[in-house]
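Here's the letter readout for the chains.
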Amino acid sequence: MNEKLEKCLRDKDEVILNERNRVLINLNLTEREMSPKDYKTSDCPKVAYVNGAEKYYREVPIKITDEEWELLQSKLRKVAEIEKSKKVIPKPKHPSSLSPISGGENTISAVLIGVAVTLAIITAAMGIIVAVIMESAALFFAFALSAAFQTLPYFAFAEIIKSLTQIRDGFEVQYSENFSRGKNQNK
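A brief structural summary. Quick caveat, the model's predicted, so the values are computed rather than measured.

**Comments concerning helix α3 (residues 107-134)**
Each turn of an α-helix holds 3.6 residues, which means side chains three or four residues apart point in the same direction.
Right, so step 1: Relative to the 40 Å expected for 28 residues at 1.5 Å per residue, α3 spans 40 Å between its end C-alpha atoms, a close match to the ideal helical length.
Right, so step 2: Of the residues making up α3, those classed as buried are Ser109, Leu112, Ala116, Thr123, Gly127 and Ala131.
Right, so step 3: Backbone geometry just after α3 places Glu135 at a positive phi near 55°.

Structure, rendered in structure tokens:
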């Protein structure tokens, strides 16, 4: 066999073995490998008491065959599918003045944004008319500044209401998930 191909295959086998060991350790399918030394090392950081004496060890994955590995992987895939199908789908929220409307906004913030835009348009139009009649650019800039100060609080309140609605909706989803888990555990 070609040396480069042989090295590549060894590297791939090492990656597969490392992944297998990681999965086994995450599933707590481990055993203790005791240190020959009587002190803590970076390889054996955990301590256990054996016959009253401190012994240091590390967790190593258990030895399994390729067939057992394939069986474990198929079971893990099935469990993942079951967990995915159990995901709680959030129920629609009750209708209220803060309920979402099209575009993901809520009615109060949508009204506030509408008022702010309307005020800005009216103030800008008045600024243009007065500036043309009085032949003064300074008046136009004064109206523009006035429009900005009039509309900023509306935009700010709209954003605050959106944020509060998102926080409330997050708590409702979390509460419904916890409640449904509690009901399932009691069965």
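**Observations concerning the packing of aromatic side chains**
Right, so step 1: Scanning all chains against the criterion turns up 1 aromatic pair.
Right, so step 2: Seen in terms of ring centroids, Phe140 and Phe141 are 5.8 Å apart; in terms of plane orientation they differ by 65°. Their pairing is edge-to-face.

**What about the pattern of salt bridges?**
Right, so step 1: Going through the model one piece at a time under the given rule, you end up with 6 salt bridges.
Right, so step 2: Among the ionic pairs, Arg20 bridges to Asp66, the shortest N-O distance being 2.8 Å. Here Arg20 is found in helix α1 (residues 3-26), whereas its partner Asp66 is found in helix α2 (residues 66-85), with 46 residues between them in sequence.
Right, so step 3: For Arg20, a relative accessible area of 14% puts it in the buried group.
Right, so step 4: For Asp66, a relative accessible area of 51% puts it in the exposed group.
Right, so step 5: Where Glu159 meets Lys162, a salt bridge forms, and the shortest distance between an N and an O atom there is 3.0 Å. With a gap of 3 residues between them, Glu159 and Lys162 both fall in helix α4 (residues 137-186), about one helical turn apart.
Right, so step 6: When its relative accessible area of 42% is taken as the criterion, Glu159 is described as partly exposed.

Rules used throughout
- Residues numbered from 1 in each chain as written.
- Predicted model: local features only at pLDDT ≥ 70, side-chain atom pairs only at ≥ 80, totals over all residues.
- Heavy atoms only, no water.
- Helix = DSSP H or I, 4+ residues; strand = E, 2+ residues; numbered from the N terminus.
- Expected span 1.5 Å × (residues − 1).
- Buried < 20%, exposed > 50% of the residue type's maximum accessible area, 1.4 Å probe, protein only.
- Phe/Tyr/Trp six-rings, centres within 6.5 Å; stacked < 30°, edge-to-face > 60°.
- Salt bridge = Lys/Arg side-chain N within 4 Å of Asp/Glu carboxyl O.

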